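# Inside the fold
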Amino acid sequence: MSERLLRGDRFALARGITLAENMDERREELLRLIAPHTGRAHIIGVTGSPGVGKSTLVGAMARSLRSCSHRVGILAIDPSSPFTGGALLGDRVRLRGLESDPGLYTRSMATRSFQGGLCRAAWDTVRLIEAAGFDTIIIETVGVGQAEWEVKDLADTTLVVLAPGAGDSIQALKAGIMEIADIFVVNKSDLEGAEQTRAEVESVACMRRRGEWSTPVQGVVATDGRCVSELIHHIAKHREFLGRDGRWARKRQQRWKSELRTAVLIHLQARLGDLEGSSVSEQAFQGLVSGRLTVSDAVKCIIQSLVPIQL
């Protein structure tokens, strides 16, 4: 499978992503074999509130990038139902007309209750798409609001998408998702109020300048591709910026740290699930109910059963 995937076989890529998504034990060997062929793609995160046009923008960006001969992979993440666990996976509806392009690969995935706007297999999936020969990877997050910051750790360039008339200029003044932007995108710029939204976001962007990079604010109309080429230019400039003074290498190191932290948390959550209904869990619960233990005491009892260390 690894040999086929490295040759760009789309069926092998799809199968590899399914292994990663299902946490199949075979995925470890696959990831180990492709590891030397990863780390070079430019990863673009696209986030923002529901309804601002992220999926339409991703499609417009893909078309523009393909016109410049980039091989583009898209990972579109949709929310899972907390009740049924199901997901619509409807982001690809707005990517019609690109299905037959051999230089484009699209995969929709459900969050499966993973927090932060991504999914558990996002890191592995990016690595697999990269190994299959795609030099630009776009990640479209769920779009859950101000706490959707995980994409910043995975992406090299993060786009925060806004739209006029949705109160985004007020949100720009708040901490959270607005602070992760490398580029602000005001979509639906043909609507009334777009110029005001752009001006307000530009004032916020000036106050939140990070180092030598001045966060641009680009207006676009994703439905007809208007000004998307200008957005691609800003993305290319940010990629060039990351290539200076070792920033690209530091970004990769930060990604590994974030992935390691996420993997440890996933492992601990799985272990906690195994403990549910066990004697350790029941004793901690009864101690909490009777008043013999505080919540902190009960947590220590459970954690010490998972990791035998002194806390």
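Further up the page is the structure itself.
A short tour of the structure in this document, coming up.

Cut-offs and rules
Residues numbered from 1 in each chain as written. Predicted model: local features only at pLDDT ≥ 70, side-chain atom pairs only at ≥ 80, totals over all residues. Heavy atoms only, no water. Helix = DSSP H or I, 4+ residues; strand = E, 2+ residues; numbered from the N terminus. Buried < 20%, exposed > 50% of the residue type's maximum accessible area, 1.4 Å probe, protein only. Arc of directions from axis to C-beta. Contact = heavy atoms within 4.5 Å. Pairing = 2+ DSSP bridges. Axes fitted to C-alpha atoms, helices over the stretch in contact; angles between N-to-C directions.

## Brief notes about unusual backbone geometry
With a phi angle near 55°, Met23 is a residue other than glycine that sits in the positive phi range. Among the secondary structure elements, Met23 is positioned in the loop between α2 (10–21) and α3 (27–34). One non-glycine residue, Cys227, adopts positive backbone phi at about 65°. Its location among the elements puts Cys227 in the loop between β7 (217–219) and α9 (228–242).

## Looking at α3
Every buried residue belonging to α3 is among Arg27, Leu30, Leu31 and Ile34, and all of these are buried. Down the axis, α3 shows its buried residues gathered within 95° of arc, on one side only. Elements in contact with the buried residues of α3: α1 (2–6), α2 and α5 (122–131).

## Brief notes about the sheet that holds strand β5 (residues 157–162)
Strand order in the open sheet formed by 7 strands is β3-β2-β4-β1-β5-β6-β7, and the pairing between neighbours is parallel. Single-partner strands in this sheet number two, and they are β3 (104–110) and β7. Recorded for the sheet is a direction-independent mean angle of 20° between the axes of neighbouring strands. The sheet contact formed by strand β2 (residues 72–78) and β3 spans 7 bridges and is parallel. Within β3, the residue paired with Leu75 across the bridge is Arg107. Along the sheet, helix α4 (residues 54–67) contacts β1 (42–48), β2, β3, β4 (136–140), β5 and β6 (183–186); its crossing angle with β4, the most-contacted strand, is approximately 175°. Contacts between helix α8 (residues 194–207) and the sheet are confined to β5, β6 and β7, with β7 contributing the most and set at about 165° to the helix.

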